[in-house]
There are 2 protein chains.
Amino acid sequence: MGLIVQKYGGSSVADAESIKRVAKRIMETRRAGHEVCVVVSAMGDTTDELIDLAKQVSPILEGREYDMLLTAGERISMSLVAMAINSMGGDARSFTGSQAGVITDQSFNKARITSVTPGRIRTALDEGAIAIVAGFQGVSETTKDITTLGRGGSDTTAVALAAALGADVCEIYTDVDGVFSADPRLVPRARKLHRVQYEEMLELAASGAKILHLRSVEYARRFNVPIHVRSSFSQHEGTWIRAAAEGEAVEQAIIAGVAHDTSEAKVTVVGVPDKPGVAAQIFRTIADAELNIDMVVQNISAAATGRTDISFTLPVGDGRKAITALQKVQDAIGFESLLFDDQIAKVSLVGAGMKSHPGVTAVFFEALSNVGVNAEMISTSEIRISVVCRADVVKDAVAALHTAFGLDAESTEAVVYGGTGR
Amino acid sequence: MGLIVQKYGGSSVADAESIKRVAKRIMETRRAGHEVCVVVSAMGDTTDELIDLAKQVSPILEGREYDMLLTAGERISMSLVAMAINSMGGDARSFTGSQAGVITDQSFNKARITSVTPGRIRTALDEGAIAIVAGFQGVSETTKDITTLGRGGSDTTAVALAAALGADVCEIYTDVDGVFSADPRLVPRARKLHRVQYEEMLELAASGAKILHLRSVEYARRFNVPIHVRSSFSQHEGTWIRAAAEGEAVEQAIIAGVAHDTSEAKVTVVGVPDKPGVAAQIFRTIADAELNIDMVVQNISAAATGRTDISFTLPVGDGRKAITALQKVQDAIGFESLLFDDQIAKVSLVGAGMKSHPGVTAVFFEALSNVGVNAEMISTSEIRISVVCRADVVKDAVAALHTAFGLDAESTEAVVYGGTGR
């Protein structure tokens with residue numbers, strides 16, 4: 001018996017049948033004696049349909065009105081889930097982000113949660129009811145305007161509510177069984193991970209694993225909220241994301257998994273004068289255009305010319321903006337030309353255990369080399385190694401790393417991962 | 001220059017093109033120097049689609065969650081209208097019913113507005129912005145739950161805001177040119193009425209004219225808000241609804257128009273003991289089932305049997321509930337049987353001028369008699385005569401009355417009605 005926050009994504013509430021299945025599941029949790037607070041996303045493609053409508057009436061897809069529009073999707077799904085529960089004899093009450101006390105800053109379309117005051121949720125739970133909350137949305141503290149948290153924001157809503165309510169667990173329901181050691185579409189022998197540390201999940205999410213919104217993991221780590229990622233289509237245990245317990249490290253696998261990301265592009269600034277301050281000018285230009293860059297590489301200067309090349313990656317959709325911004329400062333900075341390449345992929349190896357295992361980097365590059373994958377850019381953190389390669393060899397690269405680090409399951413049927421490393 | 005409240009119905013904002021047309025029209029009004037507050041309904045069939053979804057997850061189509069669901073439709077349309085205006089260079093801000101200060105009682109699905117506190121609207125207007133408000137919805141004062149005003153409630157939202165803001169006029173935009181002397185689908189020579197008194201519009205709305213929500217007219221009369229019903233597809237002057245001006249009565253036509261209603265059914269309680277208190281028992285039974293009845297007729301008692309028949313009409317959808325309720329008390333009351341008839345129509349003649357013209361009733365029944373229409377039930381008010389007839393002769397009945405009272409236009413092209421009566 002405890003307090004459980006459950007979050008159901010769009011695929012879990014895509015139609016009336018799915019909503020009824022989810023309602024049944026919520027009822028079962030309540031009947032087991034738990035207090036239940038549920039966060040829902042918009043049904044299936046609802047948000048995309050609303051965006052399509054918006055595109056038809058305005059070229060400006062941002063701001064106060066756009067946020068108000070997008071929040072309608074969760075309003076629909078939360079009411080339907082509550083109605084389905086009530087028709088089964090349960091007592092469910094739905095709450096918008098604003099009613100649930102999700103307070104944000106004033107940044108429309110990508111608001112950050114500043115505080116959560118779930119008084120009405122707490123009252124509903126105290127009265128034995130199930131609370132159903134619209135994900136993805138909040139209300140700005142200063143202007144009382146409705147805001148949205150950006151794509152995937154419902155995960156963050158769920159974790160933030162779990163933290164504010166002191167929930168025992170935040171269950172994130174999705175259409176797969178949990179977090180895998182690699183994308184099963186690329187690696188049939190990918191394993192379901194039994195547990196992952198917050199830091200590993202952060203690196204996996206930042207490296208292209210789509211299963212959880214990055215900010216929700218940051219939030220969970222900050223407030224130490226245990227997350228359980230699992231399927232709404234089965235009763236299987238999924239993946240637990242939480243801090244490493246005392247003494248757990250020795251049992252922990254060195255490597256959690258291999259992530260990949262094909263949503264980035266590479267921009268190369270060619271022939272940059274190799275003198276202090278020039279790189280800063282380039283990245284100030286990018287920052288002023290409000291673009292987030294990921295990896296950066298600067299080649300060694302060719303002594304004869306006194307010039308160098310600087311490459312960086314960023315979301316492919318931001319490529320045009322970056323090129324335009326840089327073209328405007330070409331004369332001021334004095335570089336020679338710009339190259340744009342959207343045929344790249346990023347492949348990342350993540351594992352908290354690699355901190356204390358110096359051989360990991362060597363195995364990593366040998367594995368790639370054995371399948372003929374060339375690393376064009378390299379970036380590392382304490383618990384991650386990433387490379388950029390050609391997009392058409394991403395599957396080879398992921399599979400090679402997955403095998404080299406002993407992540408392949410015994411059979412192609414996914415098994416629970418609880419090994420002690422290799 | 002003044003303050004104008006405009007209301008656009010679902011057909012006026014049915015798709016992106018319509019929304020852009022409406023946005024343009026709103027901008028023109030603003031550019032003419034007026035302050036503009038706009039109330040919108042949900043796009044086209046959105047509300048029906050939401051109801052369909054609700055039916056798929058629950059048999060209970062009422063209550064708190066159902067209201068929350070239905071309000072999503074206006075949230076979508078208001079955001080899109082605001083975005084369209086902003087993309088044309090205007091400054092529009094959208095507000096939910098709650099944000100607009102539409103306070104209601106706690107009756108979900110058919111809430112009544114108890115007060116309007118449009119502080120945020122007033123601020124937006126003071127800052128030169130156009131306010132776009134979601135129709136049909138409010139927030140309950142006591143529980144802060146979202147409520148809806150029932151079908152057609154957006155008209156009431158518009159009139160209530162116009163009253164609270166002290167607007168010069170409440171413009172109701174629809175897909176026809178105004179209020180007609182009869183339904184043009186039944187009577188091709190129906191005239192567009194130039195002006196109608198509140199009392200006449202109340203009777204017309206109560207008698208089946210669908211153009212305005214009855215409660216919105218009651219509200220307008222109470223707060224003396226002039227309503228201008230007009231088409232969003234043309235620039236034509238429509239129909240003005242307001243109080244009769246001093247001395248206007250002499251110029252006013254005797255008859256405003258002929259309304260009809262095919263949405264009712266007739267229940268006959270056969271063989272009712274003709275003694276005091278029995279009719280009261282029957283209508284107490286109906287009232288306890290929360291059914292509203294319209295017309296009532298009791299036949300003269302047959303002396304030989306000491307029994308009589310009582311007939312009443314009610315919305316056809318409530319027929320089953322009425323029959324069930326009455327069956328339960330059949331033994332207690334001692335009536336013989338129940339008849340249900342949904343093949344009826346109600347035809348009504350409405351005109352403020354008939355108060356002082358005693359010949360109206362005679363002309364009315366002569367006209368029906370001439371086309372062989374039998375009046376099964378009769379009901380009158382000071383400014384209305386209604387009869388129930390067979391549904392299959394409703395067109396004959398309406399056309400005959402329209403001609404007999406001189407309402408036919410010169411040609412089948414609708415003309416502005418400004419005659420002096422006859």
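As the structure is a prediction and not an experimental result, all values here were calculated from the model. (Residues numbered from 1 in each chain as written. Chains lettered and ligands numbered in written order. Predicted model: local features only at pLDDT ≥ 70, side-chain atom pairs only at ≥ 80, totals over all residues. Heavy atoms only, no water.)

Some remarks on unusual backbone geometry
Excluding glycine, residues mostly have negative phi values, and the peptide bonds linking residues are mostly trans. All names here are of chain A. Worth spelling out the cut-off: In this description a helix means any DSSP run of H or I spanning at least four residues, a strand means any run of E spanning at least two, and both kinds are numbered starting from the N terminus. Per-residue accessibility, obtained with a 1.4 Å probe over protein chains only, is compared with the maximum for each type, and a residue is labelled buried under 20%, exposed over 50%, and partly exposed between these values.
Although it is not a glycine, N224 adopts a positive phi angle of roughly 55°. By secondary structure assignment, the location of N224 is in the loop between helix 8 (214-223) and strand 12 (227-231). Unlike most non-glycine residues, E290 shows phi in positive territory, near 60°. A residue is classified by how much of its surface remains accessible, and E290, at 66% relative accessible area, is exposed.

Structural notes on the packing of aromatic side chains
Here is the rule we go by: Only the six-membered ring of Trp is used, alongside the rings of Phe and Tyr, when aromatic pairs are assigned; centres must lie within 6.5 Å, and planes under 30 degrees apart are stacked while those over 60 apart are edge-to-face, with the rest tilted. Two limits define a charge over a ring: the Lys NZ or Arg CZ must be within 6 Å of the ring centre, and within 35 degrees of the ring normal.
Inspection of every chain in the model, using the stated rule, returns eight aromatic pairs over all chains. Each ring, one from Y8(B) and one from Y173(B), has its centre 4.6 Å from the other, and the planes form 10°; the classification is stacked. Taken as a pair, Y8(B) in strand 1 (residues 3-8) and Y173(B) in strand 9 (residues 169-174) lie far apart in primary sequence, 165 residues in all. This pair shows no difference in class: Y8(B) is buried, exactly as Y173(B) is. Over the ring of F95(B) we find R64(A); its NZ or CZ atom is 5.1 Å from the centre of that ring.

Concerning the interface of chain B and chain A
Test applied: The contact rule is simple, with two residues in contact once any of their heavy atoms fall within 4.5 Å. Note: buried area is the sum, over both parts, of the accessible area (probe 1.4 Å) each one loses when the two are combined. Any carboxyl oxygen of Asp or Glu that lies within 4 Å of a side-chain nitrogen of Lys or Arg is treated as forming a salt bridge with it.
Taken together, the contacts link 42 residues of chain B with 42 residues of chain A. Taken over both partners, the interface formed by chain B and chain A buries close to 3,200 Å², and the fraction arising from carbon and sulfur atoms is 64%. Area buried by chain B at its contact with chain A is led by V57(B), R75(B) and M83(B), which between them contribute 23% of it. Across the contact surface, chain B and chain A share two salt bridges. Here R120(A) makes a salt bridge to D145(B), at a shortest N to O gap of 3.1 Å.

Let's talk about the relation of the copies chain B and chain A
The line we're drawing: Copy-to-copy alignment: least squares on C-alpha atoms, limited to residues at pLDDT 70 or above in both.
Least-squares fitting of chain B to chain A yields an RMSD of 0.1 Å, with the superposition described by an axial translation of 0.1 Å and a rotation of 180°. Overall, the copies show the geometry of a two-fold rotation axis. When each C-alpha of chain B is compared by its distance to the rotation axis, A72(B) comes out closest, at 2.6 Å. Mapped onto chain A, 100% of the interface residues of chain B again fall at the interface, so both copies present the same surface.

A closer look at the pairing of strand 13 (residues 239-242) of chain A
All names here are of chain A. As a reminder of what qualifies: Note on pairing: DSSP must find at least two bridges between two strands before they are called paired.
In terms of strand pairing, strand 11 (residues 195-197) meets strand 13 through three bridges, oriented parallel. Bridged to Q197 within strand 13 is R242. Looking at chain direction, strand 12 and strand 13 are connected through three bridges and run antiparallel. The partner of V229 across the bridge, within strand 13, is T239.

Points about the environment of G101(A)
Residues and elements named next belong to chain A. With respect to the element layout, G101 can be found in the loop between strand 3 (92-95) and strand 4 (102-104). Residue classification places G101 among the buried residues on the basis of a relative accessible area of 5%. Apart from the residues within four sequence positions on either side, G101 is in contact with S115, V116 and T117.

Thoughts on the environment of H236(A)
Structurally, H236(A) can be placed in the loop between strand 12 and strand 13. Sequence-distant contacts of H236(A), that is, excluding residues within four places in its chain, are made with D177(A), K192(A) and R230(A).

Details of the packing of helix 12 (residues 360-370) of chain A against helix 13 (residues 394-404) of chain A
Residue and element names in this part refer to chain A. Let me state the cut-off plainly: To get an axis, fit a line to the C-alpha atoms, keeping to the stretch in contact for a helix; angles then go from 0 to 180 degrees between the N-to-C directions. Any angle between 65 and 115 degrees counts as roughly perpendicular, while under 35 counts as roughly parallel, over 145 as roughly antiparallel, and the rest as oblique. Take the far helix as your reference; a near helix turned counterclockwise from it by less than a right angle gives a left-handed crossing, and one turned clockwise gives a right-handed crossing.
Where helix 12 meets helix 13, the axes come as close as 9 Å, and the angle between the chain directions of the two elements is 135°. Taken together, helix 12 and helix 13 sit at an angle that is classed as oblique. Where helix 12 crosses over helix 13, the handedness of that crossing is right-handed. Residues V363, F364, A367 and L368 of helix 12 form the contact with helix 13, whose participating residues are A397, A400, L401 and A404.

Here we look at helix 10 (residues 319-328) of chain A
At 3.6 residues per turn, the α-helix brings residues three or four places apart onto the same side. All names here are of chain A. This is how it is decided: What the arc covers is the set of directions going from the helix axis to the C-beta atoms.
When we look at burial in helix 10, the residues that qualify are G319, A322, I323, A325 and L326. One side of helix 10 holds all its buried residues, which, seen down the axis, span an arc of 165°. Opposite the buried face of helix 10, by more than 90 degrees, sit the exposed residues R320, K321 and K328. In the core, the buried residues of helix 10 are packed alongside strand 15 (264-273), helix 9 (278-288), strand 17 (307-315), helix 11 (330-333) and strand 18 (337-341).

With respect to the state of the cysteines
All names here are of chain B. The line we're drawing: Any two cysteine sulfur atoms within 2.5 Å of one another count as a disulfide.
Tallied over the entire structure, the rule returns zero disulfides over all chains. With no disulfide of its own, C170 lies closest to C37 among cysteine sulfurs, the gap being 9.1 Å. Judged by its relative accessible area of 0%, C170 falls in the buried class.

Considerations on helix 1 (residues 16-31) of chain A
Residue and element names in this part refer to chain A. As a reminder, the rule being used: Expected helix span is computed as 1.5 Å times (number of residues minus one).
In this model helix 1 runs 22 Å from its N-terminal to its C-terminal C-alpha over 16 residues, within 8% of the 22 Å that 1.5 Å per residue would give. Looking at helix 1, one finds that the buried residues are A16, S18, I19, V22, A23, R25, I26, M27 and T29. A positive backbone phi angle near 105° is found at G33, which sits one or two residues after helix 1.

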